[in-house]
Structures are given as C-alpha cells and as structure tokens.
Amino acid sequence: MNPPLTPANTAAGTAQQADLWKPVVLRALAALAFGAVTIFWPAPSVEVMGFAGGFYLLATGVLLLWGLPKTGFARDGVPGKVLSACGAALTGAGAAAVLLHGDGVFGTVAALGLGIAGATELYLGLMHRGKHVLARDWVASGIIGLGTAAALPFFVPLGAHALLGVAGGGAIISGVLWILSGLSLRHDSRPVLPKP
C-alpha cells in the first residue's frame, strides 16, 4: 500500500504527485465546462438539464475513480473504499440524471450524488488534514458539495433553469478550486533542475 502523500514524502518529481494533478485538472475542467453551459444556455429544457447535469456528475465520478490510485490510497483501505463509494455515487447519479428526465428527478438525484460526494470529501479532508496534499481541497469541495446538495431541492418548483443555476454555481466554485489545486500540484511535481 502506498503511503498518503505528505510534505515529507512528496518531493518534487515523485511519480504519485506527478500523476495526481491530471485527474484534479480534468475534474476542474468538467466542472467549469458544466458551469459554462449553465451560464450561457438561456432557457434550458428538462432534457438539456438531464444531459448536461448528468454528464457532469458522471464525468466527476469517473474521474474520482480513475484518480484514486494517484492519491496514494489503496482501493481496499478505508480511504480508498470511501473515495470509491463517492465516485460510484456520482457515477450512478449522473447515469440516472441522463436517463430519467424531470425537475424532481434531477433535483433529487443531483442532491443525493453531490451530498454523498460532499460528505465523503469533507470526511477525507478532516481525517487527513496535514497528512495529504488534497486535504484542504477536499474540505472546501465537501462544503461546496453539501451546500449545493442542500439548496437543490428548494429550487425544484422553479424548473430547469433554476436547478441548473444552483448546480452550475457550485460547479464553477469547485472548478476554480480544483483548477488552482491541480495547477499547484503540476507546478510542484516538476523536477528541480540543478543550478549550473
């Protein structure tokens, strides 16, 4: 089992940290792309909401599952199982949102997926604070996810535009957070060149 990434074992250029930035940046890009759709689509239909929101949740879940080994957590350990459950919840919620259309369906499914993911990330961030390079980002992302999940059900009566606005707002905030984190990881993973 690989140890969690800590300041003591994340020297620039290590394989884990060098690869960790990739799923983080891709997650950020998925969130920002979804956020852009919610901003620039003036009158989305229920189908657009289902497809756009569903693919965002699906992509985020798949990227969490793909990036799990890069975090340094083994899939059979507690943190790995927790992250796997988070990715599976988002993937399932995304698939349901793509396949089943309706304001109530999207509000419920997206709230469940984002709520589970938010609680998971908040838990991981608090449990690994000071021991993992993503701990602070997990705490912030968890709070954003839980806040978005809590707000979504209240906007179901207002329709697709309002639901996408709430989900897209949370996606943009988390996308900015994750892009900054990913770029920082990318910068820190570059090998240090010796001075001539």
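In this text, all values refer to a predicted model and were calculated from it rather than measured experimentally.

Re the packing of helix α2 (residues 46-67) against helix α4 (residues 103-127)
Orientation of α2 relative to α4, taken along the N-to-C sense of each, is 20°, at an axis distance of 10 Å. Classified by the angle between their axes, α2 and α4 sit roughly parallel to one another. Seen from above, α2 lies across α4 with left-handed handedness. Of the residues in α4, those touching α2 at V46, M49, G53, G54, L57 and L64 are D103, F106, A110, L114 and E121.

A few points about the environment of M127
Its location among the elements puts M127 in helix α4. Separated by twelve residues in the primary sequence, M127 and V139 have C-alpha atoms spaced 9.8 Å apart.

Description of the side chain of H132
Residue position: H132 is located in the loop between α4 and α5 (135-151). Given a relative accessible area of 6%, H132 falls into the buried group. Among the polar contacts made by the side chain of H132, one reaches the main-chain carbonyl oxygen of T71 at a distance of 2.8 Å.

What counts and how
The written sequence of each chain sets the order in which its residues are numbered from 1. At least 70 in pLDDT is required for a residue's local features to be given in this predicted model, at least 80 for side-chain atom pairs to be given and counted, and no such filter applies to totals for whole chains, interfaces and linings, which use all residues. To obtain the side-chain values, all non-hydrogen atoms of the structure were used and water was disregarded. For every element, the axis is a line fit to its C-alpha atoms; helices are fit only across the contacting stretch, and the angle between N-to-C directions ranges from 0 to 180 degrees. What counts as a helix is a DSSP run of H or I of at least four residues, what counts as a strand is a run of E of at least two, and both are numbered from the N terminus. Working definition: roughly parallel below 35 degrees, roughly antiparallel above 145 degrees, roughly perpendicular at 65 to 115 degrees, and oblique for all remaining angles. The handedness criterion is simple: a crossing whose near helix is rotated anticlockwise from the far helix by less than a right angle is left-handed, and one whose near helix is rotated clockwise is right-handed. By definition in these notes, contact holds between two residues if any of their heavy atoms fall within 4.5 Å. Throughout this description, buried means an accessible area under 20% of the type-specific maximum (1.4 Å probe, protein chains only), exposed means over 50%, and partly exposed covers the range between. Under this definition, polar contacts are N or O atom pairs within 3.5 Å; protein pairs additionally need one hydrogen-donor-capable and one acceptor-capable atom, and for neighbouring residues in sequence, both atoms have to be side-chain atoms.

In short, the description is geometric, and any link to function would need to be established separately.
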